[in-house]
Amino acid sequence: MEFKVSRDFITQIQQYIEENNEQELQNLLNEIHYADIAEIMGELEDFESIYIFNILDSEKTAEILLELNEEVREKILRELSPKEIAEELDELSTDDAADIIAELPQDRKEEVISEILDVEHAKDIVDLLRYDEDTAGGLMGKELVKVNENWNVLTCVKEMREQAVNVQRVHSIYVVDDENRLKGRLSLKDLLTTSTKTPIGDVYIPRVDFVKVNTPDVEVARIMQRYDLEAIPVVDELGRLVGRITIDDIVDVIKEEADKDYQLAAGISQDVEADDSILNLTRARLPWLVLALLGGFVTVRVMGLFDGAMEEHGNLFYFTPLIAAMAGNVGVQSSAIIVQGLANNTLSGSLWQRLIKEISLSLLNSSILAIILVLGSHFLLGVTYDVGFTVSISLISVIVIASLIGTFVPILLNKFGIDPALATGPFITTSNDICGILIYFSIAKAILGF
């Protein structure tokens, strides 16, 4: 059952801290999941969070460290000595420990690593710190179970028992050769049903999905999603097995990518959160707002070129918000579908096929909307049929052009290595507003002859 952090519960914890009642507070927190404790600490004052951290055992506080938001974690780590941080890292897997150390200043990194008692654990962490955080090498952990293809089943089982002590969960058993090159994977069923004297080379499965250390994290996520994998091995340039990535690491990548794409679509150019400072939030939001303002100036200038239309056919002015809104909405719809297809790698067919399909779809939708507009504007607003017809023709043209822009721009950005999610926000809306107004008045001028 999910735990809900209430205001009364926070107050109770603060009361225990004020009374210095460690025993009651420990009893209370020991019944709560570490992720919920991290959420609670995010609601407390700094000294209260540090108090809680100090009274809990390392096994729990190590997991809490991972769940804390970066600001709170930074304050906690600042209060701990290198030896205390090392004790926390001893409780974590290598990939999680490397993530924590990566947040420390360089001088503190060296001090903490030197305090880690398990030399092999420390060596693995140092090795992981060599890789960029947004690659498979930066995601992987060193804990895994592997067997040699030249062993027999009996030897394999003995070695697996020793290796499994350091592995929190055994997702797969990997098979390597004498040079530690990945050869395949071993089925637990085959291992249990095969004679103990049978060589592993006779029973292992040679086909195994893997990624290289420099594979981008989003590509790793795509592979694991596509093949429904709980874990995937990582190899170096020589094909040697160096680690594995588990599904919990990939869930974080997927969430971060989704958050980034959502923020880009909303016109936020940096990774920010609601609790960030006003200055950081302004830096993230202002660039796209300035772009939208400049686009508005261009739109006003375009409308100024058609002053004659306003004088002779005043009704045209009242339809400008409708044209601009439809252009923006259609563009965002088209770009959102394309961006989703690019992210999931589900787009099929050539660019021309995609554009022809989009034209057909937009013609159908715009024709239906145009009929509704002509009838509605005449019977509800009293607009003459010639003006209604003009606006409808403009609407059809605007929707077709907007859908083409919304389709073409994300594909073009993707080809140049730019995040296509950029095309789902103010960029598409502003450009389609300008194009929509220009097309609208140009068609109106051609038909009504002002």
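Residues numbered from 1 in each chain as written. Predicted model: local features only at pLDDT ≥ 70, side-chain atom pairs only at ≥ 80, totals over all residues. Heavy atoms only, no water.

With an unreviewed UniProt entry as reference, the chain is termed Magnesium transporter MgtE, source organism Flavobacterium suaedae. Taken from UniProt, the Function (unreviewed entry) comment for the chain reads in full: "Acts as a magnesium transporter." In UniProt, the chain has this text filed under Sequence similarities (unreviewed entry): "Belongs to the SLC41A transporter family." (UniProt positions renumbered as here; feature names shortened; annotations may be inferred.)

Next up on the list: the packing of aromatic side chains. The full count for this structure, using the stated rule, is two aromatic pairs. Ring geometry for Phe-317 against Tyr-318: centres 5.9 Å apart, planes inclined by 70°, an arrangement best described as edge-to-face. Their ring planes at 50° and their centres at 4.9 Å tell us that Tyr-440 and Phe-441 sit as a pair that is tilted. Of the two residues, Tyr-440 and Phe-441, neither departs from the other in class, the shared state being buried. Here Arg-130 stacks its cationic end above the ring of Tyr-131, 4.8 Å away from the centre of that ring. (Phe/Tyr/Trp six-rings, centres within 6.5 Å; stacked < 30°, edge-to-face > 60°. Buried < 20%, exposed > 50% of the residue type's maximum accessible area, 1.4 Å probe, protein only. Lys NZ or Arg CZ within 6 Å of the ring centre and 35° of its normal.)

What follows covers empty space enclosed by the protein. Take a probe with the size of a water molecule and roll it over the atoms, and the empty space left behind shows itself. With the rule as written, the count across this model stands at one cavity of 30 Å³ or more. When its volume is computed, the largest cavity comes out at roughly 40 Å³. Every residue lining the largest cavity is listed: Asp-46, Ser-49, Ile-50, Val-72, Lys-75 and Ile-76. Put simply, the parts of the chain that give the lining of the largest cavity at least two residues each are helix 4 (46–55) and helix 6 (70–79). Grouping the constituent residues of the lining of the largest cavity by class yields three nonpolar, one polar and two charged. (1 Å grid on protein atoms, 1.4 Å probe; cavity = no way out; pocket = protein on both sides within 12 Å on 5 of 7 lines; lining within 4 Å. Points joined across faces, edges and corners; volume = space filled by probe spheres on them. Helix = DSSP H or I, 4+ residues; strand = E, 2+ residues; numbered from the N terminus. Nonpolar A, V, L, I, M, F, W, Y, C, P; charged D, E, K, R; others polar.)

Attention now goes to the pattern of salt bridges. Taken as a whole and judged by the stated rule, the model has twelve salt bridges. The residue Glu-230 makes a salt bridge to Arg-169 at a minimum N-O spacing of 3.6 Å. Placement of the pair is Glu-230 in the loop between helix 14 (217–226) and strand 5 (231–235) and Arg-169 in the loop between helix 12 (153–164) and strand 2 (173–176), with a sequence separation of 61 residues. The partly exposed category is assigned to Glu-230, whose relative accessible area is 42%. When the shortest N-O distance is used, the salt bridge between Asp-236 and Arg-240 registers 2.7 Å. For Arg-240, a relative accessible area of 35% puts it in the partly exposed group. (Salt bridge = Lys/Arg side-chain N within 4 Å of Asp/Glu carboxyl O.)

Let us now look at the nonpolar core. Here is a general trend for soluble globular proteins: nonpolar side chains tend to be buried in one another's company. Among the nonpolar cores identified, the biggest contains 58 residues, and Ile-13, Leu-25, Ile-52, Ile-76, Leu-89 and Ile-245 are the most heavily contacted of them. If we ignore the near neighbours within four places in the chain, the residues touching Ile-52 are Ile-13, Ile-17, Leu-25, Leu-29, Ile-37, Met-41 and Leu-44. (Core = buried A, V, L, I, M, F, W, Y, C linked by side-chain atoms within 4.5 Å. Contact = heavy atoms within 4.5 Å.)

Here we take up the UniProt feature "domain: CBS" (unreviewed entry) in the chain. If you check UniProt for "domain: CBS" (unreviewed entry), the listed places come out as residues 140–203 and 204–260 in our numbering. With 28% helix and 20% strand, the stretch residues 140–203 has end C-alpha atoms that lie 27 Å from each other.

Phi angles above zero are rare outside glycine, and Asn-20 is one such case at about 55°. Positive phi, normally seen in glycine, also occurs at Asp-228, with a value near 55°. Residue placement: Asp-228 occurs in the loop between helix 14 and strand 5. A residue is classified by how much of its surface remains accessible, and Asp-228, at 69% relative accessible area, is exposed.

For the rest of this paragraph, the subject is helix 1 (residues 7–18). With twelve residues, helix 1 should reach 16 Å at 1.5 Å per residue; the first-to-last C-alpha distance of 16 Å fits that figure. Among all positions in helix 1, only Phe-9, Ile-10, Ile-13, Tyr-16 and Ile-17 are buried. For helix 1, the arc enclosing every buried residue in end-on projection is 120°, short of the 170-degree limit, so these residues lie on one face. Opposite the buried face of helix 1, at more than 90 degrees from it, the exposed residues are Arg-7, Asp-8 and Glu-18. Tucked into the core, helix 1 has its buried residues touching helix 2 (22–29), helix 3 (34–43) and helix 4. Asn-20 sits one or two residues past helix 1 and shows a positive phi near 55°. (Expected span 1.5 Å × (residues − 1). Arc of directions from axis to C-beta.)

To continue, consider helix 21 (residues 385–415). In this model helix 21 runs 45 Å from its N-terminal to its C-terminal C-alpha over 31 residues, within 8% of the 45 Å that 1.5 Å per residue would give. A positive phi of about 75° marks Gly-417, the residue just after helix 21.

The topology assignment puts Thr-194 in the loop between helix 13 (188–193) and strand 4 (211–212). Among the polar contacts listed, one links the side chain of Thr-194 to the backbone oxygen of Asp-190, at a separation of 2.4 Å. Apart from residues no more than four positions distant in its own chain, Thr-194 is found in contact with Val-153 and Val-203. (Polar contact = N/O pair within 3.5 Å; in protein donor to acceptor, adjacent residues only side chain to side chain.)

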